[in-house]
Amino acid sequence: MICLWRLLFVCVAVWESHGAGQRELLALMMPEVGAGGVKHNDYMCQSAQLQPVDTSIVQFEPRANPLVAHHMLLYGCPGKPNARQSWSCKSSGLICGLGKKSQILFAWALNASGLHLPDEVGLEIGPSHDINYAVLQIHYGHPEAVSTDALMGEHEALVLHLTQEKQPFIAGIYLLGSTSAITAGKEAAHVDIACPFGGPNPIQPFAFRTHAHSLGQVIVGYVVKNGNKDWELIGSRSPQDAQAFYLAANSVTVNPGDWLVGS
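Calculation notes
- Residues numbered from 1 in each chain as written.
- Predicted model: local features only at pLDDT ≥ 70, side-chain atom pairs only at ≥ 80, totals over all residues.
- Heavy atoms only, no water.
- Helix = DSSP H or I, 4+ residues; strand = E, 2+ residues; numbered from the N terminus.
- Areas by Shrake-Rupley, 256 points an atom, 1.4 Å probe, with all protein chains shown as cover.
- Disulfide = S-S within 2.5 Å.
- Buried < 20%, exposed > 50% of the residue type's maximum accessible area, 1.4 Å probe, protein only.
- Pairing = 2+ DSSP bridges.
- Axes fitted to C-alpha atoms, helices over the stretch in contact; angles between N-to-C directions.
- pLDDT = per-residue confidence, 0-100.
- Contact = heavy atoms within 4.5 Å.
- Polar contact = N/O pair within 3.5 Å; in protein donor to acceptor, adjacent residues only side chain to side chain.
- Core = buried A, V, L, I, M, F, W, Y, C linked by side-chain atoms within 4.5 Å.

1. A look at the overall build of the chain
Next, step 1: Regarding its fold elements, the chain presents 1 helix and 18 strands.
Next, step 2: Working note: accessible area of the chain is about 12900 Å², and carbon and sulfur atoms make up 52% of it.

2. Side note on the state of the cysteines
Next, step 1: For the structure on display, the rule yields 2 disulfides.
Next, step 2: Disulfide pairing places cysteine 45 opposite cysteine 89 at an S-S distance of 2.1 Å. Here the disulfide of cysteine 45 and cysteine 89 is right-handed, its torsion about the S-S bond being about 90°. Of this pair, cysteine 45 sits in strand S3 (residues 43-49) while cysteine 89 sits in the loop between strand S6 (86-88) and strand S7 (103-109); the two residues are 44 residues apart in sequence, bridging distant segments of the chain. A single burial state applies to cysteine 45 and to cysteine 89, both of which are buried.

3. Some points on the pairing of strand S18 (residues 259-262)
Next, step 1: With 4 bridges joining them, strand S13 (residues 193-196) and S18 adopt antiparallel strand pairing. Bridge pairing in S18 links alanine 194 to valine 261.
Next, step 2: Pairing analysis gives 4 bridges linking strand S15 (residues 219-225) to S18, with the strands arranged antiparallel. Bridge pairing in S18 places valine 223 opposite leucine 260.

4. Some thoughts on the sheet that holds S7
Next, step 1: Taken in spatial order, the 5 strands make up an open sheet running S6-S3-S10-S5-S7, and their pairing is antiparallel. Edge positions in the open sheet fall to S6 and S7, since each of these has one partner strand only. The sheet shows a mean angle of 20° between the axes of neighbouring strands, direction not considered.
Next, step 2: Here S3 pairs with S6 via 3 bridges, running antiparallel. Counted as the bridge partner of glutamine 46 is serine 86 from S6.

5. Comments concerning the confidence of the model for the chain
Next, step 1: Averaged over every residue, the pLDDT of the chain is 81; the share at 70 or more is 86%.
Next, step 2: Here strand S1 (residues 2-11) stands out as the least confident element of the chain, with mean pLDDT 34; strand S9 (residues 121-125) is the most confident, with 94.
Next, step 3: Low confidence marks residues 1-20, where pLDDT is under 50. Its contacts with residues over four positions away, or in another chain, come to 95 contacts.

6. As for the side chain of aspartate 258
Next, step 1: Mapped onto the elements, aspartate 258 comes out in the loop between strand S17 (246-247) and S18.
Next, step 2: At a separation of 2.6 Å, a polar atom in the side chain of aspartate 258 contacts the side chain of lysine 225.
Next, step 3: Every residue in contact with aspartate 258, bar those within four places of it in the chain, is listed here: Cys195, Pro196, Phe197, Val223, Val224, Lys225 and Thr253.

7. Some remarks on the sheet that holds S15
Next, step 1: Pairing is antiparallel in the open sheet, where 4 strands are placed in the order S13-S18-S15-S16. For this open sheet the edge positions go to S13 and strand S16 (230-237), each flanked by a neighbour on one side alone. Across this sheet, the average inter-strand angle for adjacent strands is 15°, counted without regard to direction.

8. Concerning the nonpolar core
What tends to happen in soluble globular proteins is that the nonpolar side chains get buried as a cluster.
Next, step 1: Leu28, Phe60, Leu74, Phe106, Ile125, Leu158 and Leu160 are the most contacted members of the largest nonpolar core, which totals 37 residues.
Next, step 2: Residue contacts for leucine 160: discarding those within four places in its chain leaves Glu24, Leu25, Leu26, Leu28, Ile57, Gln59, Phe60 and Leu74.

9. Description of the environment of lysine 80
Next, step 1: Assignment of secondary structure puts lysine 80 in the loop between strand S5 (69-77) and S6.
Next, step 2: For the pair lysine 80 and serine 47, spaced 33 residues apart in the sequence, the C-alpha separation amounts to 8.2 Å.
Next, step 3: Discounting chain neighbours no more than four positions away, the residues touching lysine 80 are Lys100 and Tyr133.

10. Quick word on unusual backbone geometry
Next, step 1: Its identity is not glycine, yet glutamate 120 carries a phi of approximately 70°, on the positive side.
Next, step 2: Within the fold, glutamate 120 resides in the loop between strand S8 (115-116) and S9.
Next, step 3: Overall, glutamate 120 belongs to the partly exposed group, its relative accessible area being 46%.
Next, step 4: Of note, the phi angle at aspartate 130 is positive, near 60°, even though the residue is not glycine.
Next, step 5: As for its position among the elements, aspartate 130 is in the loop between S9 and strand S10 (133-140).
Next, step 6: With a relative accessible area of 44%, aspartate 130 lands in the partly exposed category.

Next comes the structure, spelled out in structure tokens:
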């Protein structure tokens, strides 16, 4: 069983704003499914070059058929990831190219809604952040379950809402993940994930997302303070629900030295 606990955080640092605040749209669109060649359990990537200026993503708008797409992930890459605009990319090393670091920017699954960041919050991309290309990865589910006629014109896509206006607060993804084996015949299994937060500045989780496959029932996230004395709930959700980002259960601050725990 794979259990991944995903948290979306906003840093508390405040930045000066600039620019007129106009919004732009960037659509990362996969090739038409009905054209053939895509089958169950395929992983395909599509890239787009970003503008050579620092930009903030303020909204993620997925457009996908949950029968066709099992899940989608958006990555940021430092350089051109592949000579082709669309390519097979099941291995994580094939996202941004061999030896190149990738950064997860967004995730979607199970017919979830998109994510509209709070006012004055943005996820920063561009040259200053070593993110010059965006790559959309689609894990295809069961496109064969959809009629051929319905698949004609079907493009799985993710639309990014962008602004060049500097946002006062910076969003980012903090991910806790674990891969564990379940003994055959066991009725229940428990998986714990924990790591110390080593960031230089405090962060504030305002939304969370859980992910597991069919055996996962509930995933819970905490911040642990004062040497295991104080446990503060960030959120709890069944990964069988729509795997969207949900608002955090409490207003908490994660300081350097605190522990982030998933269970």
